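Chains, contacts and geometry: an overview
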Amino acid sequence: MCHYKADWPEDLDTQYDALVEKQEALERERDNQYLTFSDEQKAYSGCIVGFDRDGKLTLTQGVARKKDIPQPNSKNNDGEGHPSDGQELAQETQDTTISQALRTDLGRYRQQAVKAALLADATAATDILYYSLCQQILSGAYRRLDDLMDASFNRACSESSREETDSPTASNALQAAESKLDTQWVAIEDDGERFTAFRALPQKMKDKLVTYCVAQSLQIGVRGANTTQDALVDMLSVDFADYWRPTKDNYLSRLSKPLLLATFTPLRHKDWAAMYGDMKKSAVVESMHEWFSSTPDSDNGSAVTWMPPEF
């Protein structure tokens, strides 16, 4: 699994720990006070026993009829029961506030109007897209992307099954690009201020941020698995030999001996296959590893450019 490895600012780390502690305390309070039934509640409630669609026994606890639920009353000085002041205030509040359903609908009406207004502001629309992409890629999984867009962006993991990328050239290029980005806005705690700070960045920096974040979220597999990916690779004219070369660890030792001989015999001199045909696989692997690592000359120019067909 691939993780974002950049260090958090110390103050953000402290805030995160405090929030985790607060969450755990609230969960304990919930478990102790709200997820258990008191003796009083047990006295007027019961349970329902039944079966689910698979025939398994089900038990629903804490079921009570409305008429069985005792209504809290307070007594005045003459001993007569009357609703408490708290009940009256709660009833007043309920009567003077809108329902949650109406509140949700008003938000939807507002959303539709903003969508229509945004059609006339391409710059703002682009900033929203840029901001949403960049804040999630650069801040990591701890900040969910749900304040402006119904979208999710993640870093695409480039680690192999052996937990390495084996491409220091590409890795170094990505790290160098990230070090030149203006990411101070990412650490701003307030969502609105963070968005405003992003919008205030020069357009050239926004372009660099987006280019980096799109690159980090890019998903590319072997050639032939996805035609869209292949079209992008061809459009970029990627010279993979600049970033990756076969070695005994990342490729050669993972091929069978027959496949090694079949793959590389056309590239080597005519006596190579005869020389290594009866040798152990390790000897064939070592021979090819040295060939790819040697200084190219007229006899092994292919060692500089050859790539597996999967590229």
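Let us look at the structure shown here. The residue numbers shown here count from 1 along each chain, following its written sequence. Local features in a predicted model are, by the rule used here, given only for residues with pLDDT of at least 70; side-chain atom pairs are given and counted only at 80 or more, and totals for whole chains, interfaces and linings are based on all residues. The side-chain figures draw on all heavy atoms in the structure; neither hydrogens nor water molecules are used.

Quick word on the overall build of the chain
Along the chain, the regular secondary structure elements total 13 helices and 4 strands. Among the 311 residues that make up the chain, the fraction classed as buried is 20%. Working rule for contacts: check all heavy atoms of both residues, and any pair within 4.5 Å makes them a contact. Considering only residue pairs separated by 6 or more positions, the chain has 53% of its internal contacts joining residues 24 or more positions apart. In this description, accessible areas are obtained by the Shrake-Rupley approach with a 1.4 Å probe, and a residue is regarded as covered only by the protein chains that are shown. Just so you have it, the chain exposes about 22,700 Å², and 52% of that area is on carbon and sulfur atoms. The secondary structure listing takes helices from DSSP runs of H or I that are at least 4 residues long and strands from runs of E that are at least 2 residues long, numbered from the N terminus. Only protein chains enter the area calculation, which uses a 1.4 Å probe; residues under 20% of their type maximum are buried, those over 50% are exposed, and those in between are partly exposed.

A word on the packing of helix H5 (residues 122–139) against helix H8 (residues 203–217)
Axis definition: a line fit to C-alpha positions, over the contact stretch in the case of helices; interaxial angles, taken between N-to-C directions, run 0 to 180 degrees. The geometry of H5 relative to H8 is characterised by a closest axis approach of 9 Å and an angle of 55° between their N-to-C directions. Comparing the axis directions of H5 and H8 gives the class oblique. The crossing of H5 and H8 is left-handed. On the side of H5, the interface is formed by Asp127, Tyr130, Leu133, Cys134, Ile137 and Leu138, while H8 contributes Gln203, Lys206, Asp207, Leu209, Val210, Tyr212, Cys213, Val214, Gln216 and Ser217. A per-class count over the contact of H5 with H8 returns 10 nonpolar, 3 polar and 3 charged. Every angle not falling under 35 degrees, over 145, or within 65 to 115 is termed oblique; those three ranges are roughly parallel, roughly antiparallel and roughly perpendicular. In this scheme, a crossing is called left-handed if the near helix is turned counterclockwise away from the far one by less than a right angle; it is called right-handed if the turn is clockwise. Residue type decides the class: Asp, Glu, Lys and Arg count as charged, Ala, Val, Leu, Ile, Met, Phe, Trp, Tyr, Cys and Pro as nonpolar, and the leftover types, Gly among them, as polar.

Quick notes on the side chain of histidine 289
Mapping histidine 289 onto the fold places it in helix H12 (residues 281–293). Among the residues examined, histidine 289 registers a relative accessible area of 18% and is labelled buried. Setting aside anything within four residues of it in sequence, one finds histidine 289 in contact with Thr247, Lys248 and Leu252.

Quick look at unusual backbone geometry
For serine 237, which is not a glycine, the phi torsion comes out positive at approximately 50°. Tracing the backbone through its elements, the reader meets serine 237 in the loop between helix H9 (227–236) and helix H10 (257–264).

Quick word on the packing of aromatic side chains
Aromatic pairs are defined between Phe, Tyr and Trp rings, using the six-membered ring for Trp, whenever the two ring centres lie within 6.5 Å; interplanar angles under 30 degrees are classed as stacked, those over 60 as edge-to-face, and all others as tilted. By the definition in use, this model includes 13 aromatic pairs. Centre to centre, the rings of phenylalanine 292 and tryptophan 306 are 5.9 Å apart; their planes meet at 40°, and the pair counts as tilted. Highlighted residues: phenylalanine 292 in helix H12 and tryptophan 306 in the segment after helix H13 (302–305), separated in sequence by 14 residues. Taken individually, phenylalanine 292 and tryptophan 306 each receive the classification buried, so the pair is uniform in this respect. Chaining the aromatic ring pairs together yields one cluster made of Phe240, Trp244, Tyr251, Phe264, Trp291, Phe292, Trp306 and Phe311.

Structural notes on the nonpolar core
Put simply, buried Ala, Val, Leu, Ile, Met, Phe, Trp, Tyr and Cys residues joined by side-chain atoms within 4.5 Å make one nonpolar core. The biggest cluster of nonpolar side chains holds 18 residues, and the ones touching the most others in it are Tyr251, Leu252, Leu260, Phe264, Trp272, Met288 and Phe292. Those elements giving two or more residues to this core turn out to be H10, helix H11 (272–276) and H12. Sort the elements by how many residues they give to this core and H12 lands first, with 5 residues. With residues near it in sequence (within four places) discarded, tryptophan 272 still touches Leu260, Leu261, Phe264, Thr265, Val284, Ser287 and Met288. Leu133, Phe153, Leu201 and Tyr212 belong to the second-largest nonpolar core, a separate cluster that totals 17 residues.

Side note on a nonpolar patch on the surface
In this analysis, a patch consists of residues with relative accessible area above 30% that form no salt bridge, clustered at 9 Å for like charges and at 5 Å for the nonpolar side chains Val, Leu, Ile, Met, Phe, Trp and Tyr. Salt bridges are counted wherever a side-chain nitrogen of Lys or Arg sits within 4 Å of a carboxyl oxygen of Asp or Glu. On the surface, a cluster of nonpolar side chains totalling about 480 Å² of accessible area is made up of Val49, Phe51, Leu57 and Leu59. Those elements that provide at least two residues to the nonpolar patch are strand S1 (46–51) and strand S2 (57–63). Summarising the element assignment, valine 49 is placed in strand S1. Using a relative accessible area of 56% as the deciding quantity, one classes valine 49 as exposed.

Remarks on the packing of H10 against H12
For the pair H10 and H12, the least separation of the axes is 9 Å and the interaxial angle reads 35°. Considering only the axes of H10 and H12, their crossing is left-handed. Contacts between H10 and H12 involve Lys257, Leu260, Leu261 and Phe264 from the former and Lys281, Val284, Val285, Met288 and Phe292 from the latter. Of the residues contributing to the contact of H10 with H12, the split by class is 7 nonpolar, no polar and 2 charged.

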